[in-house]
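If you want the building blocks of each chain, they are given just below.
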Amino acid sequence: GEHLAKNEVMPIRESMAISDFISLIANDLQAGTDTLRHFKNSFRPGRYKLEQMDMVDVCKSAVHRAEGKPRFSEHGIKFELINELPDAERAGKPVAGQYDCLLSEPVNEVIESILDNAAEAILENKPRNSGLITVMLDVPDPFHVRIRVEDNGGGIPEEIQHRILEYGFTTKRSRDAGIGLWFCDLYVRQRGGNLTFTSEEGRGTLFEILFPTLLSQ
């Protein structure tokens, strides 16, 4: 009980029956097992092939899926995509794919998971029709594409920020059982990238992903 209360994973009411408590534990274990199996399959050799991906298309698709989720749209959460990738040119002529990245299908889950976390924070902390999530793409240098996801969901308490990317850590009862952001960090690093975040209590959180472009391969 002490461990669960410390990690804020499973709040226990005094009136909760033992059978209900056991059922909650079983459901959490099952959710965690199912999610971990899914993520393990994502890393199985040969499961997904690497392919050249346009990060604008990847982000557009993730935003579209997030906008289509009823619990987010019913709360009036707005999503904004800002593309600041420069026009790629060589010898004065347009060059297609210069800022593409060599990635695999799970990158879609990574972007979607970060959007979902931002939206969940807004659901918990902001009134209807006041939530905004901005997805920005730019090139900090010729060898990386940067994706920034910023929300106004109230921020992450400073005392737990160092644990946000840990496996199994969560502050709410969610279907990913604290695996989602851990998986995001693991996948990004596996592809030679970097995932960081900054957060200010009372304001919001900014996640930043750097992926190497084809030029860096």
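Just so it is clear, the model here is predicted, and its values are computed rather than measured.

*Asks:* Sorry, what's going on with unusual backbone geometry here?
*Replies:* Excluding glycine, residues mostly carry a negative phi; peptide bonds, for their part, are mostly trans. In this structure, Asn129 takes a positive phi of about 60 degrees despite not being glycine. By the element assignment, Asn129 lies in the loop between α5 (107–125) and β6 (132–141). What makes Asn129 exposed here is its relative accessible area of 54%.

*Asks:* Teacher, can you tell me more about the sheet that holds strand β9 (residues 204–212) here?
*Replies:* Strands belonging to one sheet form pairs held by backbone hydrogen bonds; the direction of such a pair is parallel or antiparallel. If you walk across this open sheet you meet the five strands as β2-β6-β7-β9-β8, and the pairing is mixed. If you trace the sheet from one side to the other, it starts and ends with β2 (78–83) and β8 (194–200), each paired once. When the angles between neighbouring strand axes are averaged without regard to direction, this sheet yields 15 degrees. Sheet analysis places β6 next to strand β7 (residues 144–151), joined by seven bridges and oriented antiparallel. Of the residues in β7, the one forming a bridge with Ile133 is Asp151. Taken strand by strand, α5 contacts β2, β6, β7, β8 and β9, and its axis lies near 135 degrees from that of β6.

*Asks:* Would you mind showing me how to read the nonpolar core here?
*Replies:* Among soluble globular proteins, nonpolar side chains are generally buried collectively. With 43 residues, the main nonpolar core has Met55, Ile114, Leu115, Ile133, Ile147, Ile209 and Phe211 as its most contacted residues. When residues of this core are traced back to their parent elements, those giving at least two are α3 (55–67), β5 (101–103), α5, β6, β7, α6 (180–190), β8 and β9. The element that contributes the greatest number of residues to this core is α5, accounting for eight residues. Ignoring anything within four residues of it in the chain, the contact list for Ile147 reads Met55, Cys59, Ile111, Val135, Met136, Leu137, Phe207, Glu208, Ile209 and Phe211.

*Asks:* In this structure, what is going on with the side chain of Asp116? I would like to understand it.
*Replies:* Along the chain, Asp116 turns up in helix α5. A distance of 2.8 Å separates the side chain of Asp116 from the side chain of Lys69, its partner in a polar contact.

*Asks:* Would you explain the pairing of β6 in this entry?
*Replies:* Looking along a regular strand, one sees side chains alternate from face to face of the sheet. By the bridge criterion, six bridges tie β2 to β6 in an arrangement that is parallel. The residue of β6 that forms the bridge with Ile82 is Met136. Following β6, the chain reverses through two residues before pairing antiparallel with β7.

*Asks:* So what exactly am I meant to see when it comes to the pattern of salt bridges here?
*Replies:* Once their charged atoms are close, side chains differing in charge can pair, the charge on each being opposite to the other. A complete count under the given rule lists nine salt bridges for this structure. Note that Asp138 is salt-bridged to Arg146, the shortest N-O span being 2.7 Å. By relative accessible area, which is 9% here, Asp138 ends up buried. Across the pair Arg203 and Glu200 runs a salt bridge whose closest N-O atoms are separated by 3.7 Å.

Conventions we followed
Residues numbered from 1 in each chain as written. Predicted model: local features only at pLDDT ≥ 70, side-chain atom pairs only at ≥ 80, totals over all residues. Heavy atoms only, no water. Helix = DSSP H or I, 4+ residues; strand = E, 2+ residues; numbered from the N terminus. Buried < 20%, exposed > 50% of the residue type's maximum accessible area, 1.4 Å probe, protein only. Pairing = 2+ DSSP bridges. Axes fitted to C-alpha atoms, helices over the stretch in contact; angles between N-to-C directions. Contact = heavy atoms within 4.5 Å. Core = buried A, V, L, I, M, F, W, Y, C linked by side-chain atoms within 4.5 Å. Polar contact = N/O pair within 3.5 Å; in protein donor to acceptor, adjacent residues only side chain to side chain. Salt bridge = Lys/Arg side-chain N within 4 Å of Asp/Glu carboxyl O.

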